[in-house]
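# A closer look at the structure
Spelled out from the first residue to the last, the chains are:
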Amino acid sequence: MSLIVSLAAGAQNGVHAIAPSLASADNPIADFSDTPWWLSLIKALLVFVFLLINTLLVIWFERRVIGRMQQRPGPNRTGPFGLLQTLADGLKLAFKEDLTPKNADKVVFLLAPMIAGAMAFISFSIIPMGPVVSMFGHRTPLQLTDTPVAVLLVLAVAGVGVYGIIMAGWSSGSTYPLLGGLRSTAQVISYEIAMGLSLVAVFLYSGSMSTSQIVASQKSLWFIIPAFFSFLVYVVTMVGETNRLPFDLAEGEGELTGGFHTEYSSMKFAMFFLGEYVNMFTVSALATTMFLGGWQAPPGIAAINDGMFNQGWWGLLWFVIKLWSFMFFFVWLRGSLPRVRYDQFMRFGWKFLIPVTLLWVVSVAFIRGAQLAFFGESTRTATVIVVGVISLIALAAAWLWEGQHEAAAVPAERPEEIDPFAGGYPVPPMPGQRLREPSQQAERSLAGSTGHPELSDQEESRG
Amino acid sequence: MSACAEPDLREETDLGLVRLTRVSPYLTVGGVVLTGVFLFVAGMGARRLLAPYAPTAMKLTTYECGVDPVGDGWAQTNVRYFLYAFLYVVFAVDAVYLFPWATVIRSADLGMASLAEMGIFIGVLLVGLAHAARRGLLRWV
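First, a word on what this report is: a plain description of the structure on this page. Note that the coordinates shown come from a computational prediction; the quantities given were computed from them, not determined experimentally.

## Remarks on the overall build of chain A
When helices and strands are tallied, chain A shows 15 helices and four strands. Contacts spanning at least 24 positions in sequence make up 75% of the contacts within chain A whose residues lie at least 6 apart. Carbon and sulfur atoms make up 66% of the accessible area of chain A, which amounts to about 20700 Å² in all.

Listed below in structure tokens is the structure:
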């Protein structure tokens, strides 16, 4: 707990350092004045190429890393290290028969994958991937475009992307996709709220919703430190938002087969697949931009040789490294965590993430108010007092909550030793429990069933 | 908050004609949407050229894990999803109010009053959420 207090205090000092660098303009800091329309077009194509190549790579990367985590090789036959596996899978999908079920609503059935596929790319157009570079004789930022409300655009596009899911689920005319689509939609919109709210703290610090401006205001301190709680909430919501494990409830195979895309095949299915992976890149890129300083070099490296590594194409390197760290994080989660239950997932979103993030926004607003001299001229003292009061309230709340839980938690009665086959099917032991000795079981089954020698053999081999 | 200066996107040429030198951000975003749609159309075209098409009645039935489908696909579902959609609208609108405020809080003439007002606004929302939770809307089972 004292860690949080010291973190907050550290954040405090840092925030003082960045306060002067806050520009007074809301407008994007990225300067597109030397970017003719044809260069914008080239950059747009490059964004598509970047995303498609990265998608091809990340699917291979995911399967290889998951393979390693599960102690098996993963795809390693197609091309060097199996690198062409995704390409081969994509080609295979193009050669598959595309079926539209008889019950389906034909138009909506076609529109849904189009929305899911096309919407995924839009958000990347406002992500700053690097500083100003020279391209075909023009000085242009490594960013397709920027608007004063760029982050709002990302959230809006995420909202429109949900239509792809709900339309796919509804138009299939089948029970599993309908249920999967509804579930998935409820999940995505629920976590979208917490995601949007977690970003408010960043806007409070940066004073702008333009992505280039947000990156610029992280010059001396990345927002992951002053807005550390927002970062944690964002990371949870971005996994929920992209339907990834442990939150991939839409495709609980045991319950819903494939979820909303059960009836899709061939290229239409590929569009959903592509959309999902591009969305992973989008949310990771947004996390990089909002919390990890965007394309800026990590502290330390940034100081080398008068900021040499913060110029030109170097920015793209740092951006890609940060982006792929998030990709690894996604894969790591998938390799480590089991799927959560749907009611637990929704309860966590609505009863914990949303109210706590709202309170966090109020706290950050008060901290910002103290820094902006709302409570008097001595901003430093006011800020320390506000941070202290907020930390105390948070501590008290945590203490109360923990006390409540301790009172509520009644240790369940558990026998020391269990017979794993007592109920007719195998049951794993709880932590601390012993399994009954297999030799006893074998004796019992021998004594009980004289006419079934193979059964007792099985019992033996289980032990 | 000063009004955002609309950047001048046009430039006069020697002939006195106005030509577009720089693209408005939203036009660029629109272009990306169109490119995305084009990607989808191209994918569909590739599929049309490459994939076989030989539907049979069995293939076109809905998938229910191998058994014959029972009943209509558009089944009745829990009304709770509808309530979540309502709650979503409430909080999405709330976010729309919070975002602009967050970007202008640095302005000195807002001061304590805006902090208190936002605190009350968020408090009211939290009371609403608590009410929804108390009435069992957020309980899934």
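## Comments concerning the packing of aromatic side chains
Under the definition given, this model contains 32 aromatic pairs over all chains. On the basis of an interplanar angle of 80 degrees and a centroid distance of 6.3 Å, the ring pair of F309 of chain A and W318 of chain A is categorised as edge-to-face. Using a relative accessible area of 15% as the deciding quantity, one classes F309 of chain A as buried. Overall, W318 of chain A belongs to the buried group, its relative accessible area being 10%. Here the aromatic rings of W350 of chain A and F91 of chain B are separated by 6.0 Å at their centres, their planes lie at 70 degrees, and the arrangement is edge-to-face. Remark: F91 of chain B occurs in helix α2 (residues 80-104) and W350 of chain A occurs in helix α12 (residues 342-371); the pair is interchain, linking two chains.

## Here we look at unusual backbone geometry
All names here are of chain A. In the Ramachandran plot, Q71 falls in the positive-phi region, its phi being about 55 degrees despite a non-glycine side chain. Mapped onto the secondary structure, Q71 falls in the loop between α2 (37-69) and α3 (85-94). Under the relative-accessibility criterion, Q71 is labelled exposed at 74%. Despite not being glycine, N243 has its phi angle at roughly 60 degrees, a positive value.

## What to know about the pairing of strand β1 (residues 130-135) of chain A
Residue and element names in this part refer to chain A. The sheet contact formed by β1 and strand β2 (residues 138-142) spans five bridges and is antiparallel. In the sheet register, V133 faces β2, and the bridge partner there is T140. Between β1 and β2, which follow one another and run antiparallel, lie two residues, and F136 among them has a positive phi close to 50 degrees.

## Some details on the pattern of salt bridges
Applying the stated rule across the entire model yields eight salt bridges over all chains. Its salt-bridge partner being K59 of chain B, residue E97 of chain A comes within 2.8 Å of it at the nearest N-O pair. Placement of E97 of chain A in the loop between α3 and α4 (106-122) and of K59 of chain B in the loop between α1 (25-50) and α2 is noted, with the two residues assigned to different chains. With a closest N to O distance of 2.9 Å, D343 of chain A and R341 of chain A form a salt bridge. Look at the salt bridges and you will find they share partners, linking E62, R244 and R334 of chain A into a network.

## A word on a nonpolar patch on the surface
All names here are of chain A. Residues V49, I53, L56, L57, F81, L83, L84 and L87 make up a contiguous nonpolar surface patch of about 680 Å² in total accessible area. Considering each element in turn, the nonpolar patch owes the most residues, four residues, to α2. By secondary structure assignment, the location of L56 is in helix α2.

## Looking at the nonpolar core
All names here are of chain A. Residues F124 and W350 are the most contacted members of the largest nonpolar core, which totals 139 residues. Top contributing element to this core by residue count: helix α6 (residues 175-206), with 16 residues. Look past the residues within four positions of F124 in its chain and what remains in contact with it is V47, F50, L51, M129, F281, T282, A285, F319 and L323.

## Topic: empty space enclosed by the protein
A complete count under the given rule lists one cavity of 30 Å³ or more for this structure. The calculated volume of the largest cavity comes to roughly 30 Å³. Lining the largest cavity we find V362, A365 and F366 of chain A together with W101, L115, M118, G119 and I122 of chain B. Those elements that provide at least two residues to the lining of the largest cavity are α12 of chain A together with α3 (111-134) of chain B.

## Here's the deal with the interface of chain A and chain B
Facing the 87 residues of chain A at the interface are 65 residues of chain B. Carbon and sulfur atoms supply 77% of the area buried between chain A and chain B, which totals about 6900 Å² over both sides. Contact with chain B buries surface across chain A, with E97, W350 and F374 of chain A losing the most and accounting together for 10% of the total. Linking chain A with chain B are two salt bridges. Within the residue set of the side of chain A that touches chain B, elements represented by two or more residues are α2, α4, α5 (150-171), α6, α10 (266-291) and α12 of chain A. The dominant element in the side of chain A that touches chain B, judged by the number of residues it contributes, is α6 of chain A, at 16 residues. Grouping the amino acids of the side of chain A that touches chain B by side-chain chemistry returns 53 nonpolar, 22 polar and twelve charged.

## A few points about α12 of chain A
All names here are of chain A. With 30 residues, α12 should cover 44 Å at 1.5 Å per step; its first-to-last C-alpha distance of 41 Å lies within 8% of that length. At G349, α12 shows its largest kink, close to 30 degrees. By the criterion of burial, α12 is predominantly enclosed, with 22 of the 30 residues buried. Downstream of α12 by one or two residues, A373 has phi in the positive range, about 65 degrees.

## Comments concerning the environment of V65 of chain A
All names here are of chain A. Note that V65 resides in helix α2. By relative accessible area, V65 is classed as buried at 16%. In this structure, the C-alpha to C-alpha distance between V65 and L333, residues 268 residues apart in sequence, is 11 Å. In contact with V65, other than residues within four places in its own chain, are F328 and V331.

## As for the packing of α6 of chain A against helix α8 (residues 228-241) of chain A
All names here are of chain A. For the pair α6 and α8, the least separation of the axes is 9 Å and the interaxial angle reads 155 degrees. Judged by the inter-axis angle, α6 sits roughly antiparallel to α8. In the packing of α6 onto α8, the handedness of the crossing is left-handed. Contacts from Q187, V188, Y191, E192, A194, M195, S198, L199 and A201 of α6 reach α8 at S230, V233, Y234, V236, T237, M238, G240 and E241. When grouped by side-chain class, the residues that make up the contact of α6 with α8 number ten nonpolar, five polar and two charged.

## Some remarks on the environment of L111 of chain A
Residue and element names in this part refer to chain A. Checked against the element boundaries, L111 lands in helix α4. Exposure remark for L111: the relative accessible area of 33% places this residue in the partly exposed category. The sequence separation of L111 and V188 amounts to 77 residues, and the corresponding C-alpha distance is 19 Å.

What counts and how
- Residues numbered from 1 in each chain as written.
- Chains lettered and ligands numbered in written order.
- Predicted model: local features only at pLDDT ≥ 70, side-chain atom pairs only at ≥ 80, totals over all residues.
- Heavy atoms only, no water.
- Helix = DSSP H or I, 4+ residues; strand = E, 2+ residues; numbered from the N terminus.
- Contact = heavy atoms within 4.5 Å.
- Areas by Shrake-Rupley, 256 points an atom, 1.4 Å probe, with all protein chains shown as cover.
- Phe/Tyr/Trp six-rings, centres within 6.5 Å; stacked < 30°, edge-to-face > 60°.
- Buried < 20%, exposed > 50% of the residue type's maximum accessible area, 1.4 Å probe, protein only.
- Pairing = 2+ DSSP bridges.
- Salt bridge = Lys/Arg side-chain N within 4 Å of Asp/Glu carboxyl O.
- Patch = residues over 30% accessible without salt bridge, like charges linked within 9 Å, V, L, I, M, F, W, Y side chains within 5 Å.
- Core = buried A, V, L, I, M, F, W, Y, C linked by side-chain atoms within 4.5 Å.
- 1 Å grid on protein atoms, 1.4 Å probe; cavity = no way out; pocket = protein on both sides within 12 Å on 5 of 7 lines; lining within 4 Å.
- Points joined across faces, edges and corners; volume = space filled by probe spheres on them.
- Buried area = accessible area lost by both parts, 1.4 Å probe.
- Nonpolar A, V, L, I, M, F, W, Y, C, P; charged D, E, K, R; others polar.
- Expected span 1.5 Å × (residues − 1).
- Bend = angle between axes of the 7 residues up to and from the residue.
- Axes fitted to C-alpha atoms, helices over the stretch in contact; angles between N-to-C directions.
- Parallel < 35°, antiparallel > 145°, perpendicular 65-115°, else oblique.
- Left-handed = near helix turned anticlockwise from the far one by under 90°.

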